[in-house]
Amino acid sequence: MQPYVIAIIVISGVTLAFFLFGVLPVLPIAIKVHKMQLMRSERNTWNRECSCLTNEEQVQMWEEGQAWFETVKDKCEEITITSDDGLKLAGEYFDFGGKKCVMILGGRCETVGYSYYYTKPYVELGYNILLIDPRAHGWSEGKFNCVGCKEYKDVLKWIRLAHDKYGNEKVLLHGICIGSATSAYVVGDKKCPPYVEGIIVDGMYRSFYDTFALHMKAEHRPVFPFCILIMCIIQHYAGKNPMFFTPGKMMKKYKGNILMIHSRLDAFSEPRRAIKIYESCPSKTKRIVWFDKGAHSHVRINNVDKYDATIKEYVQEVIASK
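Along each chain, residue indices are assigned from 1 in the same order as the chain's sequence is written. Owing to the predicted nature of the model, reporting of local features is limited to residues with pLDDT of at least 70; listing and counting of side-chain atom pairs is limited to 80 or more, with chain, interface and lining totals taken over all residues. The side-chain quantities take in all heavy atoms of the structure and omit both hydrogens and water.

Trainee: Before we go on, may I ask you to explain the environment of Tyr314 in this structure?
Mentor: By definition, any uninterrupted DSSP run of H or I lasting at least four residues is a helix, any uninterrupted run of E lasting at least two residues is a strand, and each is numbered from the N terminus. The topology assignment puts Tyr314 in helix α12 (residues 304–319). Judged by relative accessible area, Tyr314 falls into the buried class, the value being 0%. Sequence spacing of Tyr314 and Asp164 is 150 residues, and the spatial spacing of their C-alpha atoms is 26 Å. Under the scheme applied here, a residue whose accessible area is under 20% of the maximum for its type counts as buried, over 50% as exposed, and between as partly exposed, the area being computed with a 1.4 Å probe on protein chains only.

Rendered as structure tokens:
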């Protein structure tokens, strides 16, 4: 028997054994975890309410956001669009009389009520505010969280609405966690309109696989091949595999305005990888600002003055100066 035939038989046998004894036993668990973490099982899942009542900082962020809304609710207009795959998506538009708009994109489980918390510096800068319930969240239709892989196309439609219907000459994106990834996908898409003036990203990760694996480690769950299976399940519903369709890759070709906000204590978007994202980005107007306090997605609550000042300085010194 020829050596190459033996090699093929051995490789095929090892592959089959790995599938039978390494993949199949884990697959039901992967499906269950995906259902728990990224699937809207009931209509009230990921609704317009605080996403974690056991986290004091999260509750405080929510309450401060709601208090802000009460002061400006007369300026709020409930708005909708229809996604390319036929879902009715909900959002809110706040008209403060400016010619620019910022769109705030939250993380997993978060709706318009979460994004209220991040509006203050933008209102002071004269921006109108566009907030959304991502697909499968809040009042929006949908069943699956696609970790930005489908949502970025929805965001492109929201951006065009802000420009075409509401007359905003420029649109800025502010993303937190998955919202950061979604922002990267938007500006990395060929259909991104030229009036998107930049992105401000809080806790951007290199790939969803990276951050998901870190979550699994923190929960003392297996990583391999478990996390790979989760990525394949996401690909089934989203059409893209977040192991390969990543914010890190988008940033390697992005030459526009980008401000990266990152905590040195971020356990799920590791600082060492944030540095690599920043260094690989060819933008001449990129800036990264480090914060010594704050867990993942909880940077502002621990550094309110510096956080807001960082945004205002970048907008005034870089974006507005063009």
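Trainee: What is the right way to look at the pattern of salt bridges in this model?
Mentor: Side-chain pairing between opposite charges can occur once the charged atoms of the two side chains come close. Here, a salt bridge means any Lys or Arg side-chain nitrogen found within 4 Å of an Asp or Glu carboxyl oxygen. What the rule picks out here adds up to 18 salt bridges. Across the pair Asp210 and Arg273 runs a salt bridge whose closest N-O atoms are separated by 3.6 Å. With a gap of 63 residues between them, Asp210 in helix α8 (residues 208–218) and Arg273 in helix α11 (residues 271–280) connect regions that are remote in the sequence. Both residues of the pair, Asp210 and Arg273, belong to the buried class. For Arg287, the salt bridge identified is with Glu317, shortest N-O distance 3.4 Å. Placement of the pair is Arg287 in strand β8 (residues 287–291) and Glu317 in helix α12, with a sequence separation of 30 residues.

Trainee: Sorry if this is basic, but what is going on with the packing of helix α2 (residues 27–38) against helix α9 (residues 226–238) here?
Mentor: The relative placement of two packed helices is expressed as an angle between their axes plus a distance between the axes. Lines fitted to the C-alpha atoms define the axes, with helices restricted to the stretch that makes contact. Angles between their N-to-C directions range from 0 to 180 degrees. Viewed as axis vectors pointing N to C, α2 and α9 meet at an angle of 60°, and their least axial separation amounts to 9 Å. Judged by the inter-axis angle, α2 sits oblique to α9. Like other packed secondary-structure pairs, α2 and α9 cross with a definite hand, here right-handed. Facing Leu27, Ile29, Ala30, Ile31, Val33, His34 and Leu38 of α2, the residues of α9 in contact are Phe226, Leu229, Ile230, Ile233, Ile234 and Tyr237. Residues were grouped as follows: Ala, Val, Leu, Ile, Met, Phe, Trp, Tyr, Cys and Pro as nonpolar; Asp, Glu, Lys and Arg as charged; and all remaining residues, including Gly, as polar. For the contact of α2 with α9, the residue count by class is twelve nonpolar, one polar and no charged. An angle below 35 degrees is treated as roughly parallel, one above 145 as roughly antiparallel, one from 65 to 115 as roughly perpendicular, and anything else as oblique. When the near helix sits turned anticlockwise from the far one by under a right angle, the crossing is termed left-handed; a clockwise turn instead gives a right-handed crossing. Pairs of residues are marked as contacts when any of their non-hydrogen atoms sit within 4.5 Å.

Trainee: Can you walk me through the sheet that holds strand β6 (residues 196–202) in this structure?
Mentor: Backbone hydrogen bonds are what pair the strands of a sheet, in a parallel or an antiparallel way. Two strands make a pair as long as DSSP finds a minimum of two bridges between them. If you walk across this open sheet you meet the eight strands as β1-β2-β4-β3-β5-β6-β7-β8, and the pairing is mixed. Both edges of this open sheet fall to β1 (76–82) and β8, since each of them pairs with a single strand only. Shown here is a sheet whose adjacent strand axes are inclined to one another by a mean of 20°, direction ignored. Packed onto the sheet, helix α7 (residues 178–187) meets β3 (100–105), β5 (170–176) and β6 and runs at close to 140° relative to β5.

Trainee: Mind showing me how you'd approach the packing of aromatic side chains here?
Mentor: Each pair of aromatic rings is reported with the distance of its centres and the angle of its planes. Aromatic pairing here means that ring centres of Phe, Tyr or Trp (its six-membered ring) are within 6.5 Å. Orientation follows from the plane angle: under 30 degrees is stacked, over 60 is edge-to-face, and everything else is tilted. The tally for this structure, following the rule as stated, stands at 17 aromatic pairs. Centre to centre, the rings of Phe144 and Tyr237 are 3.8 Å apart; their planes meet at 20°, and the pair counts as stacked. In this pair, Phe144 sits in the loop between β4 (127–132) and α6 (151–164) while Tyr237 sits in helix α9, placing the two residues 93 residues apart along the sequence. The buried category is assigned to Phe144, whose relative accessible area is 18%. The exposure class of Tyr237 is partly exposed, given its relative accessible area of 33%. Sitting above the plane of the Trp139 ring, Arg48 keeps its charged end 3.6 Å from the centroid. By definition, being over a ring means that NZ of Lys or CZ of Arg is both within 6 Å of the ring centre and within 35 degrees of the ring normal. If you follow Lys286 out to its NZ or CZ, it ends over the ring of Tyr278, 4.6 Å from the centre.

Trainee: Just checking my understanding: could you explain the state of the cysteines for this structure?
Mentor: Each disulfide consists of one covalent bond between the sulfur atoms belonging to two cysteines. Disulfides are defined as cysteine sulfur pairs within 2.5 Å. A full pass over the atoms with the stated rule returns zero disulfides. In this model Cys192 remains outside any disulfide bridge; the closest cysteine sulfur is found in Cys281, 14 Å from its own. Overall, the relative accessible area of 19% leaves Cys192 in the buried class.

Trainee: I would appreciate a short explanation of α7 in the present structure.
Mentor: Of all ten residues in α7, ten are buried, a share of seventy percent or more. Residues of α7 that are buried include every one of Ile178, Gly179, Ser180, Ala181, Thr182, Ser183, Ala184, Tyr185, Val186 and Val187, and no others. For α7, the secondary structure elements touched by its buried residues are β3, α6, β5, β6, α8 and α10 (247–251).

Trainee: I'm lost on α8 in this one. Help?
Mentor: Given 3.6 residues per helical turn, the α-helix brings residues three or four places apart onto the same face. With eight of eleven residues buried, α8 lies mostly within the body of the structure. Those residues of α8 not exposed but buried are Phe208, Tyr209, Asp210, Thr211, Phe212, Ala213, Leu214 and Met216. Contacts made by the buried residues of α8 are with α2, α7, α9 and α11. Positive backbone phi, approximately 60°, marks His220, located one or two places after α8.

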